[in-house]
Amino acid sequence: MENIKTIGVLTSGGDAPGMNPCIRAVVRTALDKKLNVLGIYGGYEGLLNGSFRPLGARDVGGILQRGGTILQTARSNNFQTIPGRMKALREMNSAGVDALVVIGGDGSLRGALSLMQEGFPVVGIPASIDNDIYGTDMCIGVDTALNTIVDAIDKLRDTATSHNRAFLIETMGRKNGYLAQHAGIVSGAEMVLIPEIPVEIESVIKAVENAYIRGKTHCIIVVAEGFEPNTTVIAERIAAMKIGFDTRVTILGHIQRGGKPTAFDRMLATRYGAHATRLLVEGKTGIMTALQGREINPISLEEATSNKKALSEEYFNLATMLAR
Ligand code: ADP
C-alpha cells in the first residue's frame, strides 16, 4: 500500500462512553505520525453524505472525560446497500481519505469489513456497552455502563431494604446478558435473568419466596432487557403471588449509555485508538483491535464478526452460588 497521508475516523451504531477518548487518541497518534485526520460526522450516513471536517489537536481537547461522541453517531440503511457504499467510497476518494478507523459495535464492524472487501483500508475498534463482540475481552463503554448499573442497584437496595421490597431491575442487553450478569454478581443480587439462560417464571417466584422465608429484607433480581418474559410480566406474576415482599420495577434505560467514562474505559479507548492508527500506518487493514488479558492482540474483522461471543460459565456459577 502507498503511504497514507490522511485518515478518517467515525463513530457508528449505539454510542458508548469512551468513544471520545478513543477519537482523541486516534487524532493525536495520527498527528504524531504526521498524518492529517478528517472527522466523519454521523457514522456511515455521514460517510456517504461527505460530512467531513479536519480534526486537529485542539479539536479533541477537553473531551477525554466526556461520555457520548463528539462525532455523533447514527444508523444508516443506505450504507447497507451497494450504491450507498459506492457513494461512501467516492466521498472518501474526493476528500483524499486514504484509510479509515471505525469505532462501533457489531453492526459497525460488519460495515467496516464490507469496506475492506471493496479494497478500502480500514481498522475497527470495538465499542459497545453490551460486550458482545467476539475475540476481545472488553469493548469500550462496558466498564462505565457496569459502574452506572452497580451504582443504581446499590441505591435501589437501600430503599428496597427499608420497605421489604422485591426489585426487578432491568439492564440493557437485548441478546446478551453480560451487563446483567456482571452487575448481579458485584451488587449481590438474589437472581440474574439473562436471554442466554431460560428460566421458568415459577422458579423465579420460588426464588423470591425463598428469599423471604430465609429472612432477607429485600430481593434484587437483575433482568437483561432480552429475557423472556419481559420484566413487567415477571413483576406482575410475583406481585400476584402475594409472597410478602412488595414488588417494584426499575428500568434503567438510556442512563446506562451516558456519563463520563471510567479510568478503565479511558485507558482502553486510548490504547485502542493509538493502536488502530499505528496499524493503518503499518499498512495493515481488515483488522480489529482486541484486548486479550492485558495485551492488545488485533484479530481479523472477518473472525470478529462471524463468531458469537459466549458467556463465561465461571461467572454464571459464581452468580448462582453466591446468591444465598
Ligand atoms: P452497532 O454498531 O452498535 O452494532 P448497528 O447494528 O445498528 O449498531 O450498526 C450500525 C451501522 O452499521 C448500521 O446502521 C449500518 O449502516 C452498518 N452495518 C450494519 N451491518 C452491516 C453490514 N452487514 N454491512 C454493511 N454495513 C452494516
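This text goes with the structure placed above it.
Everything in this summary refers to the structure shown in the same document.

A word on the overall build of the chain. A tally of helices and strands in the chain yields eleven helices and 13 strands. Here the chain has a C-alpha radius of gyration of 22 Å; the compact-globule value for 324 residues is 20 Å, and the two agree. Considering only C-alpha atoms, the chain reaches an extent of 70 × 35 × 30 Å along its principal axes. Expressed as a percentage of its 324 residues, the buried residues of the chain come to 52%. Within the chain, residue pairs in contact and separated by at least 24 positions form 75% of the contacts whose partners lie at least 6 positions apart. For the chain, the accessible area works out to roughly 14,500 Å², and carbon and sulfur atoms hold 49% of it. If the 34 positive side-chain charges of the chain are averaged to one point and the 33 negative ones to another, these points end up 5 Å apart.

This part covers helix α9 (residues 263-281). Given 3.6 residues per turn, any residue in an α-helix points the same way as the ones three and four places further on. Counted at 1.5 Å a residue, the expected span for α9 with its 19 residues is 27 Å, and the 27 Å between its end C-alpha atoms agrees. Restricting attention to buried positions, one finds in α9 the residues D265, L268, A269, Y272, G273, A274, H275, A276, T277, L279 and L280. Following α9 by one or two positions, G283 adopts a phi angle in the positive range, close to 85°.

Looking now at unusual backbone geometry. Cis geometry is found at the peptide bond from E228 to P229, where omega equals -5°. One can find P229 in the loop between β8 (219-224) and α8 (231-240). One non-glycine residue with positive phi stands out, namely N131, at about 55°. By secondary structure assignment, the location of N131 is in the loop between β5 (122-126) and α5 (142-163). Here the phi dihedral of K242 falls at roughly 45°; this positive angle occurs in a residue that is not glycine.

This paragraph deals with the site of the ligand. Around the ligand, 16 residues are found, and the nearest of them are G14, R75, S76, G107 and S108. One of the backbone nitrogen or oxygen atoms of G107 is found 2.9 Å away from an oxygen atom of the ligand. With the chains in place, 78% of the 560 Å² that the ligand exposes on its own is no longer accessible. With respect to the detected pockets, the ligand is housed in the largest pocket. Of all the elements, helix α4 (residues 106-117) adds the most residues to the shell around the ligand, at six residues. Among the residues forming the shell around the ligand, the class breakdown is two nonpolar, ten polar and four charged.

What counts and what doesn't
Residues numbered from 1 in each chain as written. Predicted model: local features only at pLDDT ≥ 70, side-chain atom pairs only at ≥ 80, totals over all residues. Heavy atoms only, no water. Helix = DSSP H or I, 4+ residues; strand = E, 2+ residues; numbered from the N terminus. Rg over C-alpha atoms; globule rule 2.2 N^0.38 Å. Buried < 20%, exposed > 50% of the residue type's maximum accessible area, 1.4 Å probe, protein only. Contact = heavy atoms within 4.5 Å. Areas by Shrake-Rupley, 256 points an atom, 1.4 Å probe, with all protein chains shown as cover. Lys, Arg positive; Asp, Glu negative; His and termini not counted. Charge placed at Lys NZ, Arg CZ, Asp CG, Glu CD. Expected span 1.5 Å × (residues − 1). Near = heavy atom within 4 Å. Polar contact = N/O pair within 3.5 Å; in protein donor to acceptor, adjacent residues only side chain to side chain. 1 Å grid on protein atoms, 1.4 Å probe; cavity = no way out; pocket = protein on both sides within 12 Å on 5 of 7 lines; lining within 4 Å. Sits in = over half its atoms within 2 Å of the grid points. Nonpolar A, V, L, I, M, F, W, Y, C, P; charged D, E, K, R; others polar.

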